[in-house]
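Listed here are the chains, written in short residue letters.
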Amino acid sequence: MNAEHRTGGGPWQEVAADLSRLSVTRVYGLPDDSMEAATALQNGGLEVVVTREQRTAVYAAAGQAMSGEGPGVAVVGRGPGTAACIPALVEARSQGAPIILLAQSHSAAAVPELSFQWLNQRALLEPACKSVLEWHPGIVQEAVAVAVEAPPGPVAILIPEEDEKAVMSADALGSCGSPRPRDNAVDTLHQHFSRPVVVLGGGCRQHRERVRELIELWDAPVLVTASGRGLIDENHEHFLGVAGLYSHSSVRSLYSKADIMIALGTELEETALEFVPESLPILQVALERSTEVWPGRTVVRRKVEVGDWKPDVEILHCPSWKDDWVQARKMTLSWAEEIHASERVAGIIGRIGELITPGSAVTFENGATDIWAYLWPILSLPDDTTVLALSEQTTLGASVPAAAALARTRAFNTVFAFAGDGAFVRCLHEPWILSQSGVVYVVFDDGGHGWLAQQAASFDLAPEDYASGAPSWWSGNRDQPLKIIQIRGPEDIDRIAPYIASSVGTMPLVLSVPVAPHERSPVALGTW
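Residues numbered from 1 in each chain as written. Predicted model: local features only at pLDDT ≥ 70, side-chain atom pairs only at ≥ 80, totals over all residues. Heavy atoms only, no water.

Looking at an unreviewed UniProt entry, one finds the protein chain named Thiamine pyrophosphate-binding protein, with Arthrobacter citreus as its source organism. UniProt's Sequence similarities (unreviewed entry) comment on the protein chain is quoted here verbatim: "Belongs to the TPP enzyme family." (UniProt positions renumbered as here; feature names shortened; annotations may be inferred.)

(A) Local environment of helix α3 (residues 54-65). Between the first and last C-alpha of α3 there are 17 Å, a value that for twelve residues agrees with the 16 Å anticipated at 1.5 Å per step. Taken together, the buried positions of α3 are occupied by Gln-54, Ala-57, Val-58, Ala-61, Ala-62, Gln-64 and Ala-65. End-on, the buried residues of α3 take up no more than an arc of 160 degrees, which puts them together on one face. Lining the buried residues of α3 we find β1 (26-30), β3 (72-76), α4 (80-83), α5 (86-95) and β4 (99-105). (Helix = DSSP H or I, 4+ residues; strand = E, 2+ residues; numbered from the N terminus. Expected span 1.5 Å × (residues − 1). Buried < 20%, exposed > 50% of the residue type's maximum accessible area, 1.4 Å probe, protein only. Arc of directions from axis to C-beta. Contact = heavy atoms within 4.5 Å.)

(B) View of the sheet that holds strand β16 (residues 361-364). Read from one edge of the open sheet, six strands run β17-β16-β18-β19-β21-β20, paired in parallel fashion. Every interior strand has two partners, whereas the edge strands, β17 (386-389) and β20 (483-486), have only one. Neighbour-to-neighbour, the strand axes of the sheet open up by a mean angle of 15 degrees, direction not taken into account. Across six bridges, the pairing between strand β18 (residues 415-420) and strand β19 (residues 439-445) is parallel. Across the sheet, residue Phe-418 finds its bridge partner in β19, namely Val-442. The strands that helix α13 (residues 344-353) touches are β18, β19 and β21 (509-514); relative to β21, the one it contacts most, it runs at about 160 degrees. (Pairing = 2+ DSSP bridges. Axes fitted to C-alpha atoms, helices over the stretch in contact; angles between N-to-C directions.)

Take a look at the structure:
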């Protein structure tokens, strides 16, 4: 999600001031990509030591605490950022290390289970911490007192985002001058529609044939969520790409012209609805986990398996609607052709896509550069492709071991894993991953966490603290027990394609793509 330029204020400014008054000079951590915490802490005169993993930050804070120089302090992001530090908090509590964990949390405007990276952080943290406190003025002093009181241990402070930043951008959702109801779910819609948009999620995976029947029956444009890729041949004439945040501008224009969105097998989490007007009614067919829907939206729910649903709306044939979405598809294909020729990284991804055959598997990581692969048809997947994409939690590093496990089943022709170096290097200590044949890792290397670097630059923070922009140490390391091939341009893929085909069955291959900051995905650059 693109963040607007902010200067770091509210609770985080007070936290920084309180830490300074307590003579704290240093904070370890991997801040949230809102950059509220990093900006306020650095502007408050504190040294922010950026770590590559959240647990490293907590271990470091515990080490400082044990030095006798006062409590150690760590800062982490919401959702998966908090989850990632739990092992270290367990150790810190066992050590009796007095540390303060500053954890970004969602504001009260967030929708449980649906907002991006929403997680019940209190429930997660309580077993590993001495105490979990909600932010209010003066809370830092209280937290320190609890942390150092015998027996000492870690204390977490949950610090909410400011409300106006919490859910989505105003451009994506539209504005509203009064508070919106939490749940607009209703039982019925009128029965006839002529301008539908269909969105397929991972819940359709066991019902592919039924979904395809409906698509043909309705003659409607089809999008997928990130986890829904592979459900339909992406060369199919009805296919228009990944929904919401990842839709090309030509496709986004259709959202305002449609008269219904039919969402099959998807929770409709935050990214899937970006750019979708609130006025568009949604018919959702899914066994969802959340009891709520998006504020301000009209949603009709059918809590059944997709294969058991009997359509209770009629889709009328509308030639002008088909003309609209066929034209949108043509414009998106034309855009991709131009981008493949002009953008080096996009061109590389396009060539790799041509190597993915039916019966293959693909995993996605969702980082600053690998998001290029989410933007259809920069990457277009064939029919009968198994896809594993990160959830809304975007838990860093999940795609790499998942790819190795998929290859280990030997159920797929080849497994392709798209990841950034920040995720990939987390797995270099796993011998079984490094030796597992059948995988092609496409690693976009900008020397760290490129998404955070991009956000830091927009807040006038040092981006190199998060990603140097230079390839990582492993990229040229020929001592690794796997084959690493540097990819400089699309022509390199053409040159080594026969080698990839002949070698992937005997060893894992890493296609290392060096990426300059300006080559990150347009989603990360804020130009999307």
